[in-house]
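One letter stands for each residue in the lines below.
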Amino acid sequence: MSRESKIFTALSKGIVGKRVKEYEAFGWELLSINGTDVSLSRETQNSVYPDLVKFEYEYEALRESQSALAVPIQPEPFSVFWALIGLLIFVLPGVLYIVFKIMMNKKYNEKFLEYTTEFNRLENEIKNTCDKSRATFFSRKQ
């Protein structure tokens, strides 16, 4: 019986278990964990192997899309000191500063909502892909 191996490095120790569980949906078996380095192995003679590879490819594409998402950078907090200085020295710049900060926070909140929505959508697709693959793997049509 032929087997294939896979080694991956998790971003942190906290997600190693989650990633191993996800890879088990594609027929991978845990060989060892060394810190954040994980070694897996799976049987290639399994009758549903081509389906598992297809689901794993979809999973990897979704993971790549998720990791490519950029968390928006939160603007500096509103400074009452600088707003008062602006109002005292030049009323217009102070008003412009307040309007600018309000607009920046609104823009940040919109971008963060888009990021959160897209991240959650990809997380749900990843879960669905793992569930479909797990169902395929454990049905073992032989």
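Our structure's up above, just so we're on the same page.
Residues numbered from 1 in each chain as written. Predicted model: local features only at pLDDT ≥ 70, side-chain atom pairs only at ≥ 80, totals over all residues. Heavy atoms only, no water.

Novice: Before we move on, could you go through the overall build of the protein and cite the residues and values that matter?
Specialist: Within the protein, the regular secondary structure consists of four helices and three strands. When the elements of the protein are put in sequence order from the N terminus, they spell out β-α-β-β-α-α-α. Compactness check: the protein gives a C-alpha radius of gyration of 24 Å against a globular reference of 14 Å for 142 residues, more than 25% above the reference. A separation threshold of at least 6 residues defines the contact pool for the protein, and within that pool the share at least 24 residues apart is 70%. Per element, the accessible surface of the protein, about 9,700 Å² overall, is 62% carbon and sulfur. Each charge sign in the protein was given a centre, from 19 positive and 18 negative side chains, and these centres are 3 Å apart. (Helix = DSSP H or I, 4+ residues; strand = E, 2+ residues; numbered from the N terminus. Rg over C-alpha atoms; globule rule 2.2 N^0.38 Å. Contact = heavy atoms within 4.5 Å. Areas by Shrake-Rupley, 256 points an atom, 1.4 Å probe, with all protein chains shown as cover. Lys, Arg positive; Asp, Glu negative; His and termini not counted. Charge placed at Lys NZ, Arg CZ, Asp CG, Glu CD.)

Novice: Outline the nonpolar core, supporting the account with residue identities and numerical values.
Specialist: Counting residues in hydrophobic clusters, the biggest one holds 16 residues, and the most contacted among them are Phe8, Tyr23, Phe26, Val38, Leu40, Tyr59 and Cys130. Elements that contribute at least two residues to this core include exactly α1 (16-24), β3 (37-43), α2 (49-68) and α4 (91-139). If near-sequence neighbours (up to four positions away) are discounted, Cys130 is found in contact with Glu22, Ala25, Phe26 and Tyr59. (Core = buried A, V, L, I, M, F, W, Y, C linked by side-chain atoms within 4.5 Å. Buried < 20%, exposed > 50% of the residue type's maximum accessible area, 1.4 Å probe, protein only.)

Novice: Quick one: what's the story with the sheet that holds strand β2 (residues 29-34), residue by residue and with numbers?
Specialist: Across the sheet, three strands lie side by side as β1-β3-β2; this open sheet has antiparallel pairing. Two strands bound the open sheet, and with one partner strand each, they are β1 (3-9) and β2. When strand polarity is set aside, the average angle formed by the axes of neighbouring strands in this sheet is 20°. Strands in contact with α2 are β1 and β3; relative to β3, the strand with the most contacts, it is inclined by about 150°. (Pairing = 2+ DSSP bridges. Axes fitted to C-alpha atoms, helices over the stretch in contact; angles between N-to-C directions.)

Novice: Help me get a handle on the pairing of β3, residues and values and all.
Specialist: Within β3, six of the seven residues are buried, which leaves the element mostly enclosed by the surrounding structure. In this sheet, β3 lies alongside β1 in antiparallel orientation, the contact comprising seven bridges. The partner of Thr9 across the bridge, within β3, is Asp37. The sheet contact formed by β2 and β3 spans five bridges and is antiparallel. From the neighbouring strand, Leu30 faces β3, where its bridge partner is Leu40. Here β2 folds back onto β3 in antiparallel fashion, the turn holding two residues, of which Gly35 has a positive phi close to 70°.

Novice: Now, about the pattern of salt bridges: what can you tell me, with residues and values included?
Specialist: All told, the structure shown has 13 salt bridges when counted by the stated rule. Its salt-bridge partner being Arg3, residue Glu29 comes within 3.0 Å of it at the nearest N-O pair. Residue Glu29 is located in strand β2, and its partner Arg3 is located in strand β1; the two are separated by 26 residues in the primary sequence. Accessibility expressed as a relative area gives 42% for Arg3, which makes it partly exposed. Note that Lys127 is salt-bridged to Asp131, the shortest N-O span being 3.1 Å. Taken together, the residues Lys127 and Asp131, both in helix α4 and four residues apart, mark about one turn of the helix. Taking relative accessible area as the criterion, Asp131 reaches 34% and is therefore assigned partly exposed. Three or more residues joined by partner-sharing salt bridges are found here, namely Glu4, Lys6, Arg42, Glu56 and Glu60. (Salt bridge = Lys/Arg side-chain N within 4 Å of Asp/Glu carboxyl O.)

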